[in-house]
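Below, each chain spelled out in residue letters.
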Amino acid sequence: MRKPPVHKSFLNAFRGLFFMVKTERNFQIELAAFAINLFLIFYFGLSGTDTVLILMVSFAVLSTEILNTAIEKTCDIIQPDFDKRIGFIKDIAAGAVVLMAIASVIVGVSVYWKYIFH
């Protein structure tokens, strides 16, 4: 199979992002948190290092959510009926999102703490 031109690859990727924004509630919530973080970055005037940390964990949460959704959609295609093995796979993927979200909260508290209380 021939690879599509680069511009088509980017269009496909953005179509996937649009799908996530349009259909996935958790992704929408995480985007709202990302928007709040963008506001806080400018409001508190975060240093370059702190800004990079916040952006890295924010994008990591969003990326993990995208991978989780891809795993769930693939599982649904492979086994549309309930199967506890598929449920276990979905739970594991969701667990990755939860871990990344916890890490992002820890980083967020560590970064924003000094701007709020100092």
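Residues numbered from 1 in each chain as written. Predicted model: local features only at pLDDT ≥ 70, side-chain atom pairs only at ≥ 80, totals over all residues. Heavy atoms only, no water.

Asks: Quick one: what's the story with the overall build of the protein, residue by residue and with numbers?
Replies: Across its full length, the protein holds four helices and zero strands. Ordered by position from N to C terminus, the α and β elements of the protein give α-α-α-α. For a compact globule of 118 residues, the expected C-alpha radius of gyration is about 13 Å, and the protein comes in at 17 Å, more than 25% above that figure. Taken over the C-alpha atoms alone, the protein extends approximately 55 × 40 × 20 Å along its principal axes. Within the span of the protein, comprising 118 residues, buried residues form 25% of the whole. When the accessible area of the protein is evaluated, it comes to approximately 8,600 Å², of which 72% is carbon and sulfur surface. (Helix = DSSP H or I, 4+ residues; strand = E, 2+ residues; numbered from the N terminus. Rg over C-alpha atoms; globule rule 2.2 N^0.38 Å. Buried < 20%, exposed > 50% of the residue type's maximum accessible area, 1.4 Å probe, protein only. Areas by Shrake-Rupley, 256 points an atom, 1.4 Å probe, with all protein chains shown as cover.)

Asks: Could you give an account of the nonpolar core, naming the residues involved and the relevant values?
Replies: Of all hydrophobic cores here, the largest spans five residues; its members are Ile41, Leu46, Ile54, Val111 and Tyr112. Apart from residues no more than four positions distant in its own chain, tyrosine 112 is found in contact with Asn37, Leu40, Ile41, Phe44, Leu46 and Ile54. (Core = buried A, V, L, I, M, F, W, Y, C linked by side-chain atoms within 4.5 Å. Contact = heavy atoms within 4.5 Å.)

Asks: Break down the environment of phenylalanine 34 for me, citing the residues and quoting the values.
Replies: Checked against the element boundaries, phenylalanine 34 lands in helix 2 (residues 25–44). On the accessibility criterion, phenylalanine 34 (15% relative accessible area) is buried. Note: C-alpha distance between phenylalanine 34 and leucine 55 (21 residues apart in sequence) is 8.2 Å.

Asks: Could you give an account of the pattern of salt bridges, naming the residues involved and the relevant values?
Replies: Taken as a whole, this structure holds four salt bridges when the rule is applied. A salt bridge links glutamate 24 to lysine 73; the nearest nitrogen and oxygen atoms lie 3.6 Å apart. Here the residue glutamate 24 occupies a position in the loop between helix 1 (6–23) and helix 2, and lysine 73 occupies one in helix 3 (residues 48–78), the gap between them amounting to 49 residues. Taking relative accessible area as the criterion, glutamate 24 reaches 15% and is therefore assigned buried. For lysine 73, a relative accessible area of 37% puts it in the partly exposed group. Where lysine 90 meets aspartate 76, a salt bridge forms, and the shortest distance between an N and an O atom there is 2.4 Å. Of this pair, lysine 90 sits in helix 4 (residues 84–117) while aspartate 76 sits in helix 3, placing them 14 residues apart in sequence. (Salt bridge = Lys/Arg side-chain N within 4 Å of Asp/Glu carboxyl O.)

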